[in-house]
Amino acid sequence: MSLTAGIVGLPNVGKSTLFNAITNQKILAENYPFATIEPNVGVVTVPDERMDKLKSMYEPNKFIPTAYEFTDIAGLVKGASKGEGLGNKFLSHIREVDAIVEVVRCFDNGKIIHVDGNVDPIRDIETINLELIISDLDIINNRLEKVSKKARTTKDKDSLIEVEALEKAKESLEKNIPLRSIEFSEEEEKVLKSYSFLTIKPIIYLANIDEDELGKEDNDYVKTVKEYAKAENSKVVSLCAKVEEDLSELEKDDKKEMLEALGIENSGLDKLITATYDILGLATYFTVGKDEVRAWTFKKGMNAKKCAGIIHTDFEKGFIRAEVISYNDLIEYGSELQVKEAGKARLEGKDYLMQDGDICHFRFNV
């Protein structure tokens, strides 16, 4: 399951520095499960201590943690929705991502000029969010003109539902309320999904702070961002993009030493990935063995058959059953054999809801 977050932000907020940190991450190319990496895409592994323990236990020939893509979406300026800057090209790039990471400047530095003359994170957030709202409204208005006529004349049920959902979305956007803050029915969600609306995507506000403020109480800028995010039920992650860039150039032990010197446990980038997983409702299951230990990302609520299909479509088509043990049981008992002897191994059918930390072996026949 390829997952992508789009990094957006105004000029001089630290977006490019953050992206440099991401692209400097030392990822083994042969272990990256997706296709050719484009220049504006950075790939990071999802931090998971369980993978290190599984690697130590199985000593596999191949070790593949799950990966996450970050796309550097350049070109946003005020008026993007009307074609300013990269305009529609910028907006089309955002439509392709699963989540939006909005970098917000939360530090003062006279040497780095702000595009609007002074630091004001809420103004910056609203500048970007307004462009996304205007873009969504344009799509809704164009579509409503067409579908409303059909709904009135034919009384077609699907058309009526679509009109109702779009009008509800329009009313929200005209009040500057993003669609992610609105509750839609299951039918309405199904209709809106096909439009890839920008404001319906989950968002994380990334507060870029000064190095001296790491590990300390939030500064006033960060506090205002958190208040803003709370109102729309979004998340905020604080980090120093420059420190992240420095960390990305270090080996694992040196990185750990630098984090300790800074007085923080985890890098900001690790916190960002964890937060992104959370807002997207993602979890991880594992396949293990001497040949390969691998992590697989799935959506919470997916059944065993669908999860098998993440590995290969044949696994889903010919699904017979899943042999499942939990990661915690494996660590407690020390081996798969001992887990089985303790009666903790399970045979699960296609409707079993996969749990985070499940270790699976799928049986299938095609």
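Just above sits the structure.
Because the structure is a prediction, the values reported are computed rather than measured. (Residues numbered from 1 in each chain as written. Predicted model: local features only at pLDDT ≥ 70, side-chain atom pairs only at ≥ 80, totals over all residues. Heavy atoms only, no water.)

(A) Layout of the overall build of the protein chain. A count of helical and extended segments in the protein chain gives 14 helices and 12 strands. Burial statistics for the protein chain: of 366 residues in total, 47% are counted as buried. A sequence separation of at least 24 residues applies to 69% of the contacts in the protein chain between residues at least 6 apart. Accessible surface computed for the protein chain: about 19,100 Å², of which carbon and sulfur atoms make up 47%. (Helix = DSSP H or I, 4+ residues; strand = E, 2+ residues; numbered from the N terminus. Buried < 20%, exposed > 50% of the residue type's maximum accessible area, 1.4 Å probe, protein only. Contact = heavy atoms within 4.5 Å. Areas by Shrake-Rupley, 256 points an atom, 1.4 Å probe, with all protein chains shown as cover.)

(B) Local environment of the sheet that holds strand β5 (residues 99-105). The strand order β2-β4-β1-β5-β6-β7 describes an open sheet built from six strands, whose pairing is mixed. Pairing within the sheet leaves two strands with one partner each, and these edge strands are β2 (41-45) and β7 (235-239). The sheet shows a mean angle of 25° between the axes of neighbouring strands, taken without regard to direction. In this sheet, strand β4 (residues 67-72) lies alongside strand β1 (residues 4-8) in parallel orientation, the contact comprising four bridges. Within the sheet, the bridge partner assigned to Gly 6 lies in β4 and is Thr 71. Against the sheet, helix α1 (residues 15-23) engages β1, β2, β4, β5, β6 (203-208) and β7, with an angle of about 55° to β2. (Pairing = 2+ DSSP bridges. Axes fitted to C-alpha atoms, helices over the stretch in contact; angles between N-to-C directions.)

(C) View of helix α11 (residues 304-311). What α11 keeps buried is the set Ala 304, Cys 307, Ala 308, Gly 309 and Ile 310. In this structure, the buried side of α11 is in contact with β8 (282-287), β9 (292-299), α12 (313-317), β10 (319-326) and β12 (358-364). Between the side-chain oxygen of the N-cap and the backbone nitrogen of Lys 305 there are 3.2 Å, and the N-cap of α11 in question is Asn 303. (Polar contact = N/O pair within 3.5 Å; in protein donor to acceptor, adjacent residues only side chain to side chain.)

(D) The arrangement of the packing of aromatic side chains in detail. This structure, assessed with the given rule, holds nine aromatic pairs. Here the aromatic rings of Tyr 285 and Phe 362 are separated by 5.9 Å at their centres, their planes lie at 85°, and the arrangement is edge-to-face. Here the residue Tyr 285 occupies a position in strand β8, and Phe 362 occupies one in strand β12, the gap between them amounting to 77 residues. You'll find Tyr 285 and Phe 362 in the same group, each marked buried. Both rings, one in Phe 286 and one in Tyr 327, keep their centres 6.4 Å apart while their planes meet at 45°; by these two values the pair is tilted. Taken together, the residues Phe 286 in strand β8 and Tyr 327 in helix α13 (residues 327-333) connect sequence positions 41 residues apart. (Phe/Tyr/Trp six-rings, centres within 6.5 Å; stacked < 30°, edge-to-face > 60°.)

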